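# Architecture and fold: a report
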Amino acid sequence: MTEEITAIVRYVHMWSLLGWYDIKHRYNRSLIGPFWITISTGVMVASIGMMFSKIFRTQAGELLPHFAIGQVVWLLISGQMTEACAMFVQSQALLKQVPVPLSVHAFRKLWYNFILFLHNFLIVILVSALYGKRFSLQSLYFFPGLALILALLFFLSMILGIICTRFRDITQIVGVFLQLVYFFTPIFWMKKVLPEKYAWVTDLNPFYHMIELVRCPLLGASPDAEHWLYMMLYIMLAAALAFYLTKAYRHRVVYWL
Amino acid sequence: MATAIKAQHLKIFYPIYGSSSRSLKKTLVRAATGGLIASDARGVNICAIDDVSFSIGEGERVGLVGHNGAGKTTLLRALAGVYRPAGGSLEVQGKIASLLDISLGMDEEFTGYENIYMRSVLMGRTKSEIRKQLDDIIQFSELGDYIGMPMRTYSAGMSMRLAFAVCTAYPADIVLMDEWLAVGDTEFSKKAEARLMAFIQSSSILVLASHKPEQIQKICSRVLTMSHGHLISDEKVKGTS
């Protein structure tokens, strides 16, 4: 596993180029390229945000920044998890010819989704400016929060990549699962509209803690200690499982393709 | 350390998962039924390489022959470090150039330049190494101004020439090849042949899998014959330099 983790440095030229070419490939021959993703997220945030602020009778100024950040982080998480499932199958020609650490593929996808995230992040800045949310010193918590999310996504990617290559059905299951999670996580709705006795829906939801970790700082508050603690716990669990799977099956993956 | 390949009792199994045994349901059902239908769900293992031992030293040019499915490509992939042995051992010392699929990573949508970078990076080359070889690659492939155009505008021959030029641009200790590479029309193929020969000359070990006996006779100093995953003969080729 150490070999898989140090690959982030040793193979930086490879995964960064692969990830970057994925972006180029997707937006080839389009005039504004990846900014299309900014536009599509922007339209979604604006329209759904406006509608739900009416439904929940919340101020648009309160719901929109909340939703914009939640949505943008969610796209990073769900995008990475979805693509991690197919990453080895997708690059099987590569796996069958070049012996590189499996993590190179995870870093490639992570880099790809991170670049998309940066494009989407423009919306967060725009919405924050629009509703006069000011970044404060607390906002700096955003950076460690984001770093932890990326770390967790890395371990999850290794787990999903290995399992989904062996059991192709899991890819479909993950897709359905993520669709459900989207509605059960306070992304476009706020936790305070949830009746007290259903608080467990968010408290037991890992995705809630992940999102809060970067949403609180961007809204000018420091995240609760519990979010950090849960996040550490998830990372440790995911790392342990990723470690085990990599050790046991790292060399089997190519035979499963 | 000296360039060398050493295989001892090498074994490689492929698990064959049909769409059924690859599904989670089957595995769960198997777990739940306590192995009653295990024989059905376990699938089949194909033994692609069975108990193969050989060693190849510096300067050897080895031809790998055998009918389809004899295990030649699997063996090349094992040498490339892609397939881990299921049994026995395999030691490979030296930098490997794997020419199994020369256009790996190249994409129609990208320009010649971009494809040169991608192909080279996948061969484990750094930016500075690539920059050094860039002119040579462009010149050899005879693409001229097309090098800045997307590869979809190339003819099949042009794409092949580019892939070939990149793959043979960086010297390596061990060259692995699945069938002798022949690219281009008659005139270009002579030039390509010369470049490939020079590339092989600069390497220390060549392993070439081929169906063409005359090609093996021409290039190789030693022939390994495979059949059904076994190594059935290992002999020197007479009259080679």
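These numbers come from a predicted model, not from an experiment.

### Here's the deal with the overall build of chain B
- When you go through chain B residue by residue, the secondary structure sums to eight helices and nine strands.
- Burial status across chain B gives 39% buried among its 241 residues.
- Considering only intrachain contacts with a sequence separation of at least 6, the fraction spanning at least 24 residues in chain B is 76%.

### A short note on the sheet that holds strand β6 (residues 174-178) of chain B
Residue and element names in this part refer to chain B.
- Pairing in this open sheet of six strands is mixed, and the strands run β5-β6-β7-β3-β8-β9 from one edge to the other. A single partner strand is all that each edge strand has here, and the edge strands are β5 (96-99) and β9 (230-236). Mean inter-strand twist for the sheet, computed between neighbouring axes without regard to direction, equals 15 degrees.
- Pairing of strand β8 (residues 222-227) with β9 involves six bridges; the strand directions are antiparallel. Pairing of Leu224 across the sheet is with Asp234, part of β9.
- Each of β3 (61-65), β6, β7 (205-209) and β8 touches helix α3 (residues 72-79); the most contacted strand, β7, lies at about 150 degrees to it.

### A short note on the sheet that holds strand β4 (residues 87-93) of chain B
Residue and element names in this part refer to chain B.
- The three strands lie next to each other as β2-β1-β4, forming an open sheet whose pairing is antiparallel. Sheet topology places β2 (44-56) and β4 at the edges, where each strand pairs with a single neighbour. Taking each pair of neighbouring strands and ignoring which way they run, the sheet shows an average axis angle of 25 degrees.
- Both strand β1 (residues 4-16) and β2 contribute to a ladder of nine bridges, which runs antiparallel. Within β2, the residue paired with Pro15 across the bridge is Asn45.

### Digging into the packing of helix α4 (residues 112-122) of chain B against helix α6 (residues 156-167) of chain B
Residue and element names in this part refer to chain B.
- It is at 10 Å that the axes of α4 and α6 come closest, and there the two elements cross at 40 degrees. Considering the angle they form, α4 stands oblique to α6. Handedness of the α4/α6 crossing: right-handed. Contacts between α4 and α6 involve Gly112, Asn115, Ile116, Arg119 and Ser120 from the former and Leu162, Ala163 and Val166 from the latter.
- The class makeup of the residues in the contact of α4 with α6 is four nonpolar, three polar and one charged.

### With respect to the interface of chain A and chain B
- The interface of chain A with chain B comprises 19 residues on the first partner and 25 residues on the second.
- For the side of chain A that touches chain B, the elements supplying multiple residues, two or more each, are α2 (12-26), α5 (92-95) and α8 (169-184) of chain A.
- A total of five residues in the side of chain A that touches chain B trace back to one element, the largest contributor, which is α2(A).
- In the side of chain A that touches chain B, the residues fall into 11 nonpolar, five polar and three charged.

### Brief notes about the domain arrangement of chain B
Residues and elements named next belong to chain B.
- Here the domain parsing of chain B yields domain 1 (4-94 + 209-236) and domain 2 (99-203).
- Listed per partner, the contact involves 10 residues of domain 1 and seven residues of domain 2.
- When residues of the side of domain 1 that touches domain 2 are assigned to their parent elements, the largest contribution, three residues, is made by α3.
- By residue class, the composition of the side of domain 1 that touches domain 2 is five nonpolar, four polar and one charged.

### Focus on unusual backbone geometry
Residue and element names in this part refer to chain A.
- With phi around 65 degrees, Arg29 is a residue other than glycine that occupies positive phi space.
- Backbone geometry at Arg57 places phi at a positive 55 degrees, although glycine is not the residue there.
- Considering the arrangement of structural elements, one finds Arg57 in the loop between α3 (35-55) and α4 (60-90).
- Residue classification places Arg57 among the exposed positions, given that 9 C-beta atoms sit within 10 Å.

### A look at the environment of Ala46(A)
- Relative to the helices and strands, Ala46(A) is located in helix α3.
- For Ala46(A), a count of 17 C-beta atoms within 10 Å gives the class partly exposed.

### With respect to α2(A)
- With 15 residues, α2(A) should reach 21 Å at 1.5 Å per residue; the first-to-last C-alpha distance of 21 Å fits that figure.
- Those residues of α2(A) lying buried are Met14(A), Trp15(A), Leu17(A), Leu18(A), Gly19(A) and Tyr21(A).
- Buried-residue contacts for α2(A) involve α6 (103-130) of chain A together with α4 of chain B.

### Thoughts on the pairing of β7(B)
All names here are of chain B.
- Where burial is concerned, most of β7 is hidden: five out of the five residues are buried.
- Across the two faces of β7 the burial is the same, with Ile205, Val207 and Ala209 and Leu206 and Leu208 all buried.
- Two strands pair when backbone bridges link them, and β3 and β7 are joined in this way by four bridges, in the parallel orientation. Bridging from a neighbouring strand, Gly63 pairs with Leu208 of β7.
- The pairing of β6 with β7 spans five bridges and is parallel. Across the sheet, the residue bridging to Met177 is Leu208, located in β7.
- A crossover connection joins β6 to the parallel β7 through helix α7 (residues 186-202); in handedness this β-α-β unit is right-handed.

### Some details on the confidence of the model for chain B
All names here are of chain B.
- Here chain B averages 84 in pLDDT, and 88% of its residues register 70 or above.
- Counted against residues more than four places away or in other chains, residues 34-41, with its pLDDT under 50, gives seven contacts.
- Across the predicted assembly, pTM comes out at 0.90 and ipTM at 0.84.

Parameters at a glance
All residue numbers refer to position in the chain's written sequence, counted from 1. To label them, take the chains in the order written and letter them from A, then take the ligands in the order written and number them from 1. The model is predicted, so local features are restricted to residues of pLDDT at least 70 and side-chain atom pairs to those at 80 or more, both for listing and for counting; the totals for chains, interfaces and linings are taken over all residues. In DSSP terms, a helix is any run of H or I states spanning at least four residues, a strand is any run of E spanning at least two, and both are numbered starting from the N terminus. Three classes are used. A residue is buried when 20 or more other C-beta atoms lie within 10 Å of its own, exposed when 12 or fewer do, and partly exposed in between, with C-beta atoms placed from the backbone. Whether two residues are in contact is decided by their C-beta atoms, placed from the backbone, lying within 7 Å. For two strands to be treated as a pair, DSSP must find no fewer than two bridges joining them. To obtain an axis, a line is fitted to C-alpha atoms, over the contacting stretch when the element is a helix, and the angle between two such axes runs from 0 to 180 degrees between their N-to-C directions. Note that the term roughly parallel is reserved for angles under 35 degrees, roughly antiparallel for angles over 145, roughly perpendicular for angles of 65 to 115, and oblique for everything else. We call a crossing left-handed when the near helix sits turned anticlockwise from the far one by less than a right angle, and right-handed when that turn is clockwise. Amino acids are sorted into nonpolar (Ala, Val, Leu, Ile, Met, Phe, Trp, Tyr, Cys and Pro), charged (Asp, Glu, Lys and Arg) and polar (every other residue, Gly among them). These domain boundaries are the output of an automatic or database domain assignment. Helix span, expected: 1.5 Å multiplied by one less than the number of residues in the helix. A clockwise path from the first strand over the helix to the second, with the strands pointing away from the viewer, defines a right-handed crossover. The score called pLDDT rates the predictor's confidence residue by residue, from a low of 0 to a high of 100.

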